[in-house]
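# Results of the structural survey
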2 protein chains.
Amino acid sequence: MKLEGKVVIAQGGGPTAVINQSLVGVTLEARKFPQVTRVYGALYGVQGIVNEEFVDLTQETTHNLEQVANTPSSALLSTRDKPDEKYCMEIFKVLKAHDVRYFFYIGGNDSADTVRIVNEQATKADYEFRAIHIPKTIDNDLVLNDHTPGFGSAARFVASAFTGVNLDNRALPGVYIGVVMGRNAGFLTASSVMAQKYPDDGPHLVYLPEHPFHRENFLDDVKRIYDLYGRCVVAVSEGIVDENGVPIVTKLSGNQEKDAHGNVQLSGTGVLGDLLSELVRTKLKIKRVRSDTFGYLQRSFIGCVSDVDQREAREVGERAAHYAIWYNLDGSISIQRTGFYSVNYQLENLSDIAGKTRTMPDEYINAEGNGITDEFKYYVRPLLGSGFPVAHRLRAPKVAKILTEK
Amino acid sequence: MKLEGKVVIAQGGGPTAVINQSLVGVTLEARKFPQVTRVYGALYGVQGIVNEEFVDLTQETTHNLEQVANTPSSALLSTRDKPDEKYCMEIFKVLKAHDVRYFFYIGGNDSADTVRIVNEQATKADYEFRAIHIPKTIDNDLVLNDHTPGFGSAARFVASAFTGVNLDNRALPGVYIGVVMGRNAGFLTASSVMAQKYPDDGPHLVYLPEHPFHRENFLDDVKRIYDLYGRCVVAVSEGIVDENGVPIVTKLSGNQEKDAHGNVQLSGTGVLGDLLSELVRTKLKIKRVRSDTFGYLQRSFIGCVSDVDQREAREVGERAAHYAIWYNLDGSISIQRTGFYSVNYQLENLSDIAGKTRTMPDEYINAEGNGITDEFKYYVRPLLGSGFPVAHRLRAPKVAKILTEK
């Protein structure tokens, strides 16, 4: 009745602050089952599977696993490979050779697709095999999920960063543009609004990939805010596009470096922020214009993590082991919100998650496409976790002037 | 005997994570003295003084002051103005009109110079007046100080950021270049080495303004590390210069925007990182090259602060009040290291601090000018504060391959 064999766990795509919680969740839970002969980790994601690069997590101390769980970025290392049918056949061949009966892949929607294809091949080969996709992405763009592990901590970083730069911009006024990760989904950029506490706090403007970006509207928006407050803080998603879906960074720069998936390079360069700054400087004649690109810090910064995110990332890993080993099921674990704030986990069909992208619902974006609604704040608040730092201002009264006004 | 009158406190230059600790230290301490009739804060630094923009901190609740102390960035707002003789005469005129007898200016070496000139004018005018400079700068570039308030928290941010990006770069290998603030002094960039735990951890290369930057040496260094580890993490100071003192950013880009002090714009743009990436990509033919510019996050990020830095920033503020109001002295407060780790505060002559810049001592930089010595690590470690997060790796043994090697 019980399916005896090995477990393989792998991590794919961009790392997050809590991806190792999921790894450790599966590992510790899987090690408890007598039918599990070994728990292997594949190095460098699916690439490590085809190269037979496994480490034996059964021989890892529980204590060290707990330390690793609290360390950001994929402890098993990662890959950008997006396997096709043939690649997946290689994966399956190696897994079978090692008597692997349980496969857990921690990643985004591309990883879900890999799990789906490998699982199909096992079925075709009549090889008894369980395959589970464990969700992970700072972009929060998996369908059927209320949110995804990794997003909460990245959102906490972005909100903390904007809390600080808003204070900095208030002390030394000017225009500040912060560029946030997110190719198709604006959730992470939208999280910047959690920095707003006082009525005039930034970010004053937020631009997402979900809404076409118009140069002229952008300049009008910045001018209006700058005239009002004498300063302006802008949050921009790296993935903003025009009405034809052309990335603004391509349009403004002509740069075309593409990755393995045929996508334009968005991260690891400050060019979008610099181009938008230049636009504001030349068109609006504002002298102090600065931009920062948050880059890799937002997904790997050690010491800025949401405890809610940590807990959930651990639990999706544990639940994955339960579904596969206890219940003998395949699928993708999803997070469902059941209250304010409570969650439950359930199993989705792999084909319902694989390769699909969720974007920001309309009710989270204002009509003008340059700001975020309170519905989103209510949605995102619990995901930031406990102890989210809050800024305070002086409230001391003004003193009457003595000398003549200059 | 006791000098009766008002206190004015102002904050100048770039904000830090703990600059409000100093503000609150002076305010709470000054409010205890009966000869102090009022404690005023000047808005926007010296600019607020000449415009008579004061708030009455005597009427601020102690509770709110404590909340503000824990908030990064100048609560009294700031200025980039660097007053000359005439400007300082205006300052003195306003301070005298408001019966101000105690002036505290929290800032870097430019601010110390302002305090010095204003104090000279009071002496000339035979006006009984105490003036104290309170140190603050993330650059850690004040002479006669072991280190400066604000540096420890910024160093903690930079070390945390590199801990994360090193893990990220290990998971998805390539070349990563992180650009850190610091026009003349490399202390902050050097702090990145606190991310090194395992022998192959980055940053593998560190370039500072103290050592001329040679394009060819840089490319050779990156190639050597990349050949060795299959990846390379680089920390670069925004202020790196060639052998003639010409900023590398100017040399590579031709960009020349200058600030009020006649300095080339270094922060608030990703251009240096992008240019260095381009160099590595084209000359070394390495495909995955990424750069991040840490920008304003490193001086304002809420939630990443050194408790040692907080404590010391508070104490320099308190000691400033003591020297001026108890002892009737002028000067600049300095931090002296007395053990590992303990400090003491003392009063320096304003003219010994004003306008002078301290840079990294030779013994903190390796002979090649591309790395940092253990002496620096020993120096900087206590300044990062308690609970500095540490990364952990898996130590699980490798599994033997079954299929033929591909």
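Since the structure is predicted, the reported quantities are computational estimates derived from the model, not experimental observations.

### Some points on the packing of aromatic side chains
Going through the model one piece at a time under the given rule, you end up with 43 aromatic pairs over all chains. For the pair F103(A) and Y105(A), a centre-to-centre distance of 5.9 Å together with 20° between the ring planes defines the contact as stacked. Like F103(A), the residue Y105(A) is buried in the burial classification. Between Y207(B) and F218(B), the aromatic rings sit 5.6 Å apart at their centres with planes inclined by 75°, giving edge-to-face as the arrangement.

### Structural notes on the UniProt feature "active site" (unreviewed entry) in chain A
All names here are of chain A. Here, the residues flagged by UniProt with the feature "active site" (unreviewed entry) are D139. Relative to the helices and strands, D139 is located in the loop between β5 (130-135) and α6 (151-171). In this structure D139 comes out as partly exposed when scored by relative accessible area, which is 21%. Contacts of D139, omitting those with residues within four sequence positions, involve G182, A185 and F187.

### A closer look at the pairing of strand β1 (residues 5-11) of chain B
Residues and elements named next belong to chain B. The element β1 is largely enclosed, with a buried count of seven among its seven residues. In this sheet, strand β2 (residues 36-42) lies alongside β1 in parallel orientation, the contact comprising four bridges. Opposite V7, over in β2, you have V39 as the bridge partner. With respect to chirality, the unit in which β1 leads through helix α1 (residues 19-30) into the neighbouring parallel β2 is right-handed. Both β1 and strand β4 (residues 100-107) contribute to a ladder of six bridges, which runs parallel. Within β4, the position partnered with V7 by the bridge is Y102.

### Here's the deal with unusual backbone geometry
Residues and elements named next belong to chain A. Backbone torsion omega between G202 and P203 reads 5°, so that peptide bond is classified as cis. With respect to the helices and strands, the residue P203 is situated in the loop between α7 (187-190) and β7 (205-207). Residue Y341 follows F340 across a cis peptide bond; omega there is 15°. Along the polypeptide, Y341 turns up in the loop between β10 (331-339) and β11 (342-348). In this model, K285 sits at a positive phi of 55°, which is unusual for a non-glycine residue.

### A few points about the sheet that holds β7(A)
All names here are of chain A. Reading across from one edge, β7-β8-β6-β9 is the order of the four strands in this open sheet, with parallel pairing throughout. Each end of this open sheet is capped by a strand with a single partner; those strands are β7 and β9 (289-293). Ignoring strand direction, the axes of neighbouring strands in this sheet form an average angle of 15°. Here β7 runs beside strand β8 (residues 232-237); their pairing, made up of three bridges, is parallel. Paired with Y207 across the bridge in β8 is V236. Along the sheet, helix α10 (residues 271-284) contacts β6 (175-180), β8 and β9; its crossing angle with β9, the most-contacted strand, is approximately 165°.

Rules and cut-offs
- Residues numbered from 1 in each chain as written.
- Chains lettered and ligands numbered in written order.
- Predicted model: local features only at pLDDT ≥ 70, side-chain atom pairs only at ≥ 80, totals over all residues.
- Heavy atoms only, no water.
- Phe/Tyr/Trp six-rings, centres within 6.5 Å; stacked < 30°, edge-to-face > 60°.
- Buried < 20%, exposed > 50% of the residue type's maximum accessible area, 1.4 Å probe, protein only.
- UniProt positions renumbered as here; feature names shortened; annotations may be inferred.
- Helix = DSSP H or I, 4+ residues; strand = E, 2+ residues; numbered from the N terminus.
- Contact = heavy atoms within 4.5 Å.
- Pairing = 2+ DSSP bridges.
- Right-handed = clockwise from strand over helix to strand, strands pointing away.
- Axes fitted to C-alpha atoms, helices over the stretch in contact; angles between N-to-C directions.

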